[in-house]
Amino acid sequence: MATRNSGDAVGGDTETAEGVTPGAPVSKRPARDRIFETARELFYQHGIRAVGVETIASEADATKMTLYRNFPSKDELVAEVLREQEREYWAWWESVTACCCAEPRAQLEAIFDAFETKACNADVLGCPLSNAAIELHEETHPAQVVSVNYKKELYRRINALTRAAGAKDDDLADSLMLLMEGASGARVTLGAGGPVKAVARSAKALIRFHLDGCN
């Protein structure tokens with residue numbers, strides 16, 4: 001569960017947090033930051049549909065009015081959380097691929113090595129953008145748009161690397177994308193000790209098969 005910040009003032013607002021003792025020291029963290037961080041944690045731990053704005057506001061020591069002053073709707077709050085998670089993912093991608101100079105095949109293998117390490121962390125509950133896409137699935141939901149566009153960009157990047165590594169068609173990119181998506185799902189259902197622990201080895205086998213013509 002999110003950690004309550006009892007005693008925090010609502011930064012940028014005229015109200016004070018519920019439960020504040022008069023004269024007690026208050027935090028300068030803005031209400032928007034507390035709401036955003038709380039929503040992000042709760043959505044990932046419990047699911048988007050299961051968490052209401054009342055719960056988010058309460059856990060952030062704010063009010064629903066404050067939440068809606070900072071975010072037009074719960075849907076927009078979800079979308080903003082996913083945009084931040086997408087930005088963090090691409091920063092991770094760039095840091096991983098930067099370690100492999102400019103060799104596309106090495107970059108592909110490094111991505112899956114790092115993905116396996118990341119996916120097997122104890123606090124990981126799958127890919128938040130994949131989880132959101134499965135849970136929401138309405139095409140016009142702003143968060144669904146973020147998730148779908150992220151997946152399209154992920155496939156584009158994988159495809160670009162496979163082509164640069166020598167693939168003649170989309171087959172390798174298709175296989176690697178399916179492997180990554182399947183590994184994310186398996187992490188949720190079967191845990192860190194399940195098939196996800198073989199994702200890097202499987203990716204390298206696919207790369208060898210498609211680029212070298214051998215198992």
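All of these numbers come straight from a predicted model, not from anything done at the bench.

Focus on the pattern of salt bridges
And step 1. Overall, the coordinates contain 15 salt bridges when judged by the stated rule.
And step 2. Between arginine 40 and glutamate 88 there is a salt bridge, and its shortest N-O distance comes to 2.6 Å. Of the two residues, arginine 40 is situated in helix α1 (residues 31-46) and glutamate 88 in helix α4 (residues 74-98); the sequence distance between them amounts to 48 residues.
And step 3. Here arginine 40 falls in the partly exposed class, since its relative accessible area comes to 24%.
And step 4. Among the salt bridges present, the one from arginine 156 reaches glutamate 153, with a minimum N-O distance of 2.8 Å. With arginine 156 and glutamate 153 both in helix α7 (residues 142-165) and three residues apart, this pair spans about one turn of that helix.

Some remarks on the packing of aromatic side chains
Between two aromatic rings, the relevant description is the distance of the centres plus the angle of the planes.
And step 1. In the structure shown here, the tally under the stated rule is seven aromatic pairs.
And step 2. Centroid distance tyrosine 89 to tyrosine 150: 5.5 Å. Interplanar angle 85 degrees. Geometry classified as edge-to-face. In this pair, tyrosine 89 is assigned in helix α4 and tyrosine 150 in helix α7, connecting sequence segments 61 residues apart. An identical accessibility class is assigned to tyrosine 89 and tyrosine 150; each is buried.
And step 3. Measuring from centroid to centroid gives 5.4 Å for tryptophan 90 and tyrosine 150, while their planes differ by 50 degrees, and the two rings are tilted.

What counts and what doesn't
- Residues numbered from 1 in each chain as written.
- Predicted model: local features only at pLDDT ≥ 70, side-chain atom pairs only at ≥ 80, totals over all residues.
- Heavy atoms only, no water.
- Salt bridge = Lys/Arg side-chain N within 4 Å of Asp/Glu carboxyl O.
- Helix = DSSP H or I, 4+ residues; strand = E, 2+ residues; numbered from the N terminus.
- Buried < 20%, exposed > 50% of the residue type's maximum accessible area, 1.4 Å probe, protein only.
- Phe/Tyr/Trp six-rings, centres within 6.5 Å; stacked < 30°, edge-to-face > 60°.

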